[in-house]
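# Observations on the model geometry
So you can see what is in the structure, the chains are spelled out below.
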Amino acid sequence: RGKDEVALTYFGEGCASEGDVPSALNIAAVHGCRTIFFCRNNGYAISTKVTDQYVSDGVAPRGLAFGMPVIRVDGNDILAVYAATKQA
């Protein structure tokens, strides 16, 4: 396997409140998997506002809890998204 290969997973903030996302973050961190977790946060998860889901600063701090580097960008800025994905 090449060092330039990564797995990229794309999900919305709603599923971040389910058990699969923390499990995936933990497995990737423990095994050192080269994975980019790309979360699209539009502020609603199945019509539930984020303020009704959690009190933290969004989904990004969850990566920090597993010892992963985190990059947060404005998803409406395609160049910022591209640059962050390339950096990751």
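Above this note sits the structure.
Calculation rules
Residues numbered from 1 in each chain as written. Predicted model: local features only at pLDDT ≥ 70, side-chain atom pairs only at ≥ 80, totals over all residues. Heavy atoms only, no water. Helix = DSSP H or I, 4+ residues; strand = E, 2+ residues; numbered from the N terminus. Rg over C-alpha atoms; globule rule 2.2 N^0.38 Å. Buried < 20%, exposed > 50% of the residue type's maximum accessible area, 1.4 Å probe, protein only. Contact = heavy atoms within 4.5 Å. Areas by Shrake-Rupley, 256 points an atom, 1.4 Å probe, with all protein chains shown as cover. Phe/Tyr/Trp six-rings, centres within 6.5 Å; stacked < 30°, edge-to-face > 60°.

## What to know about the overall build of the protein
- Secondary structure summary: the protein contains three helices and four strands in total.
- What you see for the protein is a C-alpha radius of gyration of 13 Å, in line with the 12 Å of a compact globule of 88 residues.
- Overall, the C-alpha framework of the protein stretches about 40 × 30 × 20 Å when taken along its three principal axes.
- For the protein, the residues scored as buried account for 18% of the 88 residues in total.
- Residue pairs at least 24 apart in sequence account for 64% of intrachain contacts in the protein once pairs closer than 6 positions are excluded.
- On the protein, roughly 6600 Å² of surface is accessible, and the fraction owed to carbon and sulfur atoms is 54%.

## Side note on the environment of Arg-62
- Mapped onto the secondary structure, Arg-62 falls in helix α2 (residues 60–65).
- Arg-62 sits 29 residues away from Cys-33 along the chain, and the two C-alpha atoms are 17 Å apart.
- Excluding anything up to four places from it in sequence, Arg-62 contacts Ala-16, Ser-17, Leu-25 and Tyr-54.

## Some remarks on the packing of aromatic side chains
- Across all of its chains, the model carries one aromatic pair by this definition.
- Judged by centre distance (5.1 Å) and plane angle (35°), the ring pair of Tyr-10 and Phe-38 falls under tilted. Of the two residues, Tyr-10 sits in strand β1 (residues 7–12) while Phe-38 sits in strand β2 (residues 35–40), which places them 28 residues apart along the sequence.

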